[in-house]
Amino acid sequence: MAEQAQATDTGPRPIVAWLKLAPKPHLEAIKCACGAIYLDPKRVACSKCGEADKFKPLTLSDKGKVYVFSVVHQSYPGIKTPYVTAIVDLPEGVSVRANLTDVDPEQAQKEPNKIFNLPVELVTGVAAKDREGHDVIAFSYRPSKN
Amino acid sequence: MRNVYVLGTGMIKFGRYPDKTVPQLGGAAAILALKDAGIAIKDVEMFACGNLQLSNAMVGQRILQQIGQTGIPVINVANACATGSTAFREAYMSVAAGMYDIAMAVGVEQMGKAGLLGGAGGGDPAYSTEGKLGSGTMPAVFGQAGIEHMRKYGTKLEHFAKISVKSHKHATKNQFSQYRNEVSLEDVMNARMVAFPNTLYMCCPTGDGAAAAILVSEDKLKQLAGGRKRAKVAASILTSDPWTDRDLILPDVSTLTRRASKQAYEKAGIGPKDIALTELHDCFATAELVHYENLGLCGDGEAGKFIDSGGGVHPGLGGHDPVNVSGGLLSKGHPLGATGVANICEVVWHLTQDDRAKERQVPNAKAGQAHVIGLGSACTIHILTV
């Protein structure tokens with residue numbers, strides 16, 4: 001038992017609660033009976049309709065389309081620039097904020113129209129190590145391969 | 001509700017005051033407003049103070065400790081960038097409701113070179129999502145507001161850049177402006193990119209500043225104005241962000257502005273065509289462009305055409321429907337808590353032909369509006385009339 005507990009302790013951690021790493025990396029949301037979808041699972045009530053007890057878990061698709069983006073050239077110390085930040089619309093009817101990977105920032109600025117509606121898919125990777133030495137896993141979206 | 005008038009205004013030049021404290025900056029603006037009103041601090045019955053970054057530090061009381069501790073009620077207000085205008089509204093409401101006859105509002109901020117704002121995380125830095133799950137910095141958030149317009153209507157980079165050129169040109173005529181240099185379209189387009197499509201000159205600076213206003217009832221106005229022309233607060237509106245599809249992911253600065261704008265025009269009983277000048281929240285050039293439509297200065301999708309046709313430009317420079325003749329946040333500066341009161345001062349000065357707006361006076365101004373967005377979100381619109 002002790003060995004198992006230790007194994008769990010050293011495992012990777014998702015950067016946000018709604019990124020689930022198993023069985024394969026995906027985003028987990030909650031959906032209110034009124035249709036509104038939220039990424040924060042511990043919210044008090046639905047901010048669209050006000051109901052508190054009408055939430056059901058919803059597993060989100062790993063594919064979506066880019067709504068809008070920006071290319072960040074100036075950020076806080078330690079954050080590498082430039083990078084592409086985007087709002088990705090998922091088919092379930094919720095939007096997610098994430099980095100776009102495998103998209104050339106320079107090209108995106110030249111031809112923004114090519115980024116709008118771009119089909120993308122979820123990918124994960126190690127973003128950092130926390131104070132206790134765990135890998136912290138973040139997600140991003142890249143142009144869909146299929 | 002009773003009619004409320006702006007009896008006095010005061011503002012210090014926006015800029016950098018590393019050798020002054022926040023209460024000193026706010027106190028200086030308050031003294032100017034009291035002098036302009038022709039009253040003393042002992043005459044003020046209620047004081048609302050707007051400051052964001054020291055919102056737990058009793059700034060209002062500390063201002064009175066600089067200029068006169070009269071024991072009056074003081075409210076300290078924080079409402080993101082709408083902090084100053086919300087403080088103004090608190091003062092307005094206290095007079096409108098009949099609670100007090102003379103109220104003071106001060107907006108003050110000392111930011112120094114604060115940087116980007118927004119998006120930074122607390123706790124273990126490994127779990128900060130900034131740069132890992134996109135960006136929550138203000139330039140990126142407002143960049144995307146412009147990109148959304150680009151996506152919907154084919155708006156071009158030049159449209160946003162023209163707004164910065166206009167702002168800088170206007171600011172050359174404003175002695176209160178932090179920056180008073182002209183920039184060309186090429187300067188703006190070729191400047192360092194901060195967050196696409198906002199280049200450096202399309203982002204407002206950080207800085208220090210303060211502005212103040214004295215609000216009075218009609219009876220007090222008759223008693224104290226001495227025949228001087230004074231502006232009436234025709235509408236004082238505050239909204240928060242209603243639920244919209246993407247608001248929690250990408251702050252929606254349009255819906256709450258549209259809601260506030262509709263309420264403001266209704267309350268004042270006028271429409272956008274009656275507005276001689278607009279001071280709006282151009283924290284970024286992209287923000288100004290979307291607010292042309294949100295405030296009804298042009299139709300949906302027409303903001304690009306509006307700026308191309310001289311919309312937003314001072315009539316003295318050949319434009320129409322002037323926006324941010326003060327230089328706006330882009331050039332005049334944006335000391336967070338001061339902005340909302342400073343915008344109202346600007347509108348008041350044009351309506352009352354005050355010398356402080358002499359160099360940039362909008363002719364025949366009978367009505368003007370001041371709009372502020374605080375991300376998170378709060379929107380205020382004040383319509384003033386003479």
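Rules used throughout
Residues numbered from 1 in each chain as written. Chains lettered and ligands numbered in written order. Predicted model: local features only at pLDDT ≥ 70, side-chain atom pairs only at ≥ 80, totals over all residues. Contact = placed C-beta atoms within 7 Å. Helix = DSSP H or I, 4+ residues; strand = E, 2+ residues; numbered from the N terminus. Nonpolar A, V, L, I, M, F, W, Y, C, P; charged D, E, K, R; others polar. Pairing = 2+ DSSP bridges. Axes fitted to C-alpha atoms, helices over the stretch in contact; angles between N-to-C directions. Buried ≥ 20, exposed ≤ 12 C-beta atoms within 10 Å, placed from the backbone. Core = buried A, V, L, I, M, F, W, Y, C linked by C-beta atoms within 7 Å.

**A closer look at the interface of chain A and chain B**
Here comes step 1: On the chain B side, the residues contacting the 33 residues of chain A number 29 residues.
Here comes step 2: At the level of elements, β6 (63-72), β7 (83-90), β8 (94-100), β9 (119-129) and β10 (135-143) of chain A are the ones that each hand at least two residues to the side of chain A that touches chain B.
Here comes step 3: Split into classes, the residues belonging to the side of chain A that touches chain B amount to 19 nonpolar, nine polar and five charged.

**Let's talk about the sheet that holds strand β8 (residues 231-240) of chain B**
Residues and elements named next belong to chain B.
Here comes step 1: Spatially, nine strands are ordered β3-β2-β4-β7-β1-β8-β11-β10-β9 in an open sheet, and the strand pairing comes out mixed. The outermost strands of the open sheet, each flanked by one partner alone, are β3 (74-77) and β9 (277-279). In this sheet, adjacent strand axes meet at a mean angle of 25 degrees when their direction is disregarded.
Here comes step 2: Here nine bridges tie strand β4 (residues 102-110) to strand β7 (residues 208-217), and the two strands are oriented antiparallel to one another. Across the sheet, Val106 pairs through a bridge with Ala212, a residue of β7.
Here comes step 3: Along the sheet, helix α1 (residues 22-37) makes contact with β1 (4-11), β2 (46-50), β4 and β7, crossing β1 at roughly 130 degrees.
Here comes step 4: Helix α12 (residues 336-351) rests against β1, β2, β4, β7, β8, β9, β10 (367-374) and β11 (378-385) of the sheet, and its axis sits at about 125 degrees to β4.

**Observations regarding the environment of Leu39(A)**
Residue and element names in this part refer to chain A.
Here comes step 1: Along the polypeptide, Leu39 turns up in the loop between β4 (37-38) and β5 (55-59).
Here comes step 2: The class for Leu39 is buried, based on 20 C-beta atoms found within 10 Å.
Here comes step 3: With 16 residues separating them along the chain, Leu39 and Phe55 place their C-alpha atoms 12 Å apart.
Here comes step 4: Not counting residues within four places of it along the chain, the set of residues in contact with Leu39 comprises Trp18 and Ala29.

**So, the nonpolar core**
Residue and element names in this part refer to chain B.
Here comes step 1: By size, the foremost hydrophobic cluster in this structure holds 164 residues, and its most contacted members are Ala29, Ala105, Val106, Ala212 and Val341.
Here comes step 2: It is α12 that contributes the most residues to this core, ten residues altogether.
Here comes step 3: Filtering out sequence-adjacent residues up to four positions away, Ala212 remains in contact with Thr9, Gly10, Ala29, Ala30, Leu32, Ala33, Met104, Ala105, Val106 and Val341.

**Quick look at the environment of Glu158(B)**
Residues and elements named next belong to chain B.
Here comes step 1: Mapped onto the elements, Glu158 comes out in helix α5 (residues 157-171).
Here comes step 2: Among the residues examined, Glu158 registers 14 C-beta atoms within 10 Å and is labelled partly exposed.
Here comes step 3: Distance in space between the C-alpha atoms of Glu158 and Glu302 is 14 Å, their sequence separation being 144 residues.

**So, the pairing of β4(B)**
All names here are of chain B.
Here comes step 1: For β4, the tally of buried residues reaches nine of nine residues, placing the bulk of the element in the interior.
Here comes step 2: Because side chains alternate across β4, one face comprises the buried residues Ile102, Met104, Val106, Val108 and Gln110, and the other comprises Ala103, Ala105, Gly107 and Glu109, equally buried.
Here comes step 3: Examined bridge by bridge, β2 and β4 share five bridges and lie parallel to one another. In the sheet register, Gly50 faces β4, and the bridge partner there is Gly107.

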